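Understanding the architecture of this molecule
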Amino acid sequence: MWSHLFSSATPPVTRSAVMSSVESSGDGGKWLDAHYDPVAGLYTFSSCVDLADLSGDKESRLVVGDLGTGSSGMKLKVYRGTALISENTLLDLPAGLVAFFMDLHEPRIPAVAVASGPCIYVYKNLRPYFKFTLPSLDVNPLEQDVWQQVREGQIDPVMLKEMLESIRKKADIPLSIRSLRFLSLEADEADEFVQLHKQQPIRRQTVITCIGTLKKSTADEDGMSCLVIGTESSDVFVLDPEAFTILCKMSLPAVPTMMDVAGQFDVEFRITVACRNGSIYILRRESEKPKYCIKLSSHPVGLVRVGKNVVVGCTDESLQGFTQKGKKLWKIILPAPITAMAPMDLPIRGLQAVLVGLANCQVQLYREKNLLSTIKTPDTVTSICFGRYGREDGTLIMTTKGGGLMVKILKRTVVFDDRDSAPGPPVAQSVRLNVPKKTKLYVDQTLRERENGLAMHRAFHMDLSRMRLAAARAYVKALESSLTPISSSLSEPLKMNAVVQGLGPSFKLTLNVQNTASCRPVMNLAISFLYDDNLYRIRNPYMRIPLLVPGLIYPVETFVECTSDKGISDIIKVFVLHEEKSSPLLTAHINMPVSEGLMLN
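To start, this report covers the structure provided alongside it. (Residues numbered from 1 in each chain as written. Predicted model: local features only at pLDDT ≥ 70, side-chain atom pairs only at ≥ 80, totals over all residues. Heavy atoms only, no water.)

This part takes up the overall build of the chain. Each helix and strand counted, the chain has 8 helices and 36 strands in total. C-alpha extents for the chain along the principal axes are approximately 120 × 75 × 50 Å. Per-residue burial over the chain gives 45% buried out of 601 residues. Look at the contacts in the chain between residues 6 or more apart in sequence, and 50% of them connect residues 24 or more apart. Taken as a whole, the chain presents about 32200 Å² of accessible surface, with 53% of it coming from carbon and sulfur. (Helix = DSSP H or I, 4+ residues; strand = E, 2+ residues; numbered from the N terminus. Buried < 20%, exposed > 50% of the residue type's maximum accessible area, 1.4 Å probe, protein only. Contact = heavy atoms within 4.5 Å. Areas by Shrake-Rupley, 256 points an atom, 1.4 Å probe, with all protein chains shown as cover.)

What follows concerns the nonpolar core. Nonpolar side chains tend to gather and get buried jointly when the protein is soluble and globular. Core analysis: the biggest nonpolar cluster contains 28 residues, and Leu-511, Ile-527 and Phe-529 have the highest contact counts within it. Secondary structure elements with two or more residues in this core: strand 29 (494–501), strand 30 (506–515), strand 31 (525–530), strand 32 (536–538), strand 33 (542–545), strand 34 (553–562), strand 35 (571–578) and strand 36 (586–591). (Core = buried A, V, L, I, M, F, W, Y, C linked by side-chain atoms within 4.5 Å.)

A few words on the sheet that holds strand 4 (residues 75–80). Spatial ordering of the open sheet is given by 2-3-4-5, a layout of 4 strands whose pairing is antiparallel. Because the sheet does not close on itself, it has two edges, and the strands there are strand 2 (49–52) and strand 5 (83–89). Strand-to-strand, the axes of this sheet are offset by a mean angle of 20 degrees, without reference to chain direction. Relative to strand 5, strand 4 is paired through 6 bridges, and the arrangement is antiparallel. What sits directly across from Leu-76, in strand 5, is Asn-88. (Pairing = 2+ DSSP bridges. Axes fitted to C-alpha atoms, helices over the stretch in contact; angles between N-to-C directions.)

Looking at where Arg-108 falls in the secondary structure, it is placed in the loop between strand 6 (94–100) and strand 7 (111–116). Considered as a pair, Arg-108 and Val-304 are 196 residues apart in the sequence and their alpha carbons are 27 Å apart. When near neighbours in sequence (up to four residues on either side) are disregarded, Arg-108 contacts Phe-101, Asp-103, Asp-222 and Gly-223. Among the polar contacts made by the side chain of Arg-108, one reaches the main-chain carbonyl oxygen of Asp-222 at a distance of 2.4 Å. (Polar contact = N/O pair within 3.5 Å; in protein donor to acceptor, adjacent residues only side chain to side chain.)

Turning next to unusual backbone geometry. Note on backbone geometry: most residues besides glycine have negative phi, and most peptide bonds are trans. Cis geometry marks the peptide bond from Glu-106 to Pro-107, where omega comes out at -5 degrees. Residue placement: Pro-107 occurs in the loop between strand 6 and strand 7. Even without being glycine, Ser-234 reaches a positive phi, approximately 65 degrees. You can see Ser-234 is positioned in the loop between strand 11 (225–231) and strand 12 (235–239). Positive phi values are uncommon outside glycine, yet Glu-317 reaches one of about 60 degrees. Of note, Glu-317 is situated in the loop between strand 19 (309–314) and strand 20 (318–323). Given the relative accessible area of 27%, Glu-317 is considered partly exposed.

Written as structure tokens, this is what we have:
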């Protein structure tokens, strides 16, 4: 069934063992057992495993950085199917391994970069191609002076140890590896160590803790990628893929241990870094310091990006989801400690999930906080890698604590049940809306606003200032001419509203006048009307108002008769006057309705 994965050219498997039916039944029948070799002798982690087409024949190989015994036997191994086809000895323990495209040459064959100690070893066509060494760090000047005195015979090893201890406690710059090793020696070994190293110059060299890749300018699958490395000196470097020069350097508050990279270096990128202080920092383009910080309740042991969200596994046996800005989305408790994590991305099925290896010999598949599948393994899993192996897209590769190699293939007819067994809101609540794609007009407008942002901001504030000035002028003019229904006079504070009743030709006009003063009455007031004599006739065009007591509403009624048969209406102006003042206290404009009764006649 999976003969296309392991071609006929592959040597026969001599030590492989097919998993028993009891063990394979633990995954619910969703996976096919392709290969299991319990004595493969692979000791590695997820950061040192990758899949890449290293020969340009459309068949992916398995590339593994083998840790060996921890002190010897470190090797770079390449598998095709079930056979080991290449081996290269590594000088130090590998901290990470990635496959990346470093040029635009045809055929498109990726190179392999192995981070080991302070160096990155680049292999092309399975042969050593280039070695990049991290730049040296600044050495403490006090430490240099002390070793210079030793070189000149001014101080003995006992005095040297005391002075180095004092420098280590007070200095901002850490001591070099030589000085730290000297401080750890016994007295009988110190003299020999000093005689051996005192003539050599002091160097302080950092080491690589994690490595990733970042697309240079395009998001194509075979586009050129930059190397992103985290170091023990709490720095993150972005390296040019061709010249291997440092394009960008960013600083972190703590030592990075895991990272995930997204975006393009020339456009916009986001580097999510998990550090030893139990926090996760998010770095962005043109920012030397972290943009966002996620503080965890316990130390992270796994970091995977799924879409725009970040999934973090912690030492408290929990799996947590965060947005790319650090907002916590969900948290679930796992049945055992986490030993390995890896993303599971299957675009042809639209599946994005997280594979979590547990210490209870299980591998669980999660989509957000929903458990989709559980795989039982014969041994604890130490590394997980999912992707295209050979010619099969849905291949799951795992290594175990005992050095075993396990390969499973996802069935093409499998359907994952996305039901959430945990209490809480329904799954439909977390379904993302189908946001339409950005149109060309939107992109052009965004570019225009970005280029002319200052001018547009100034024009907006100019128009806003002009509008405020026009409104203020109109308000002052209304106050000066008493064109408002509320009086501006402090001695006669009045308020008035009008109500028109009737269909016509006769209307009842009621004016409600109120004295808004707190305790002072208003007297000697009158009401006058200004109207078109050809349209209207008012029974009392001039009326006196009695004394207005504060707080009470006084209705003043009169009748208006429409004398025109043309079916038109006009405005009647109402003035509240004081007998001793020439200007009105307030003014109201009444829009009279059309006389419907006169039109019917």
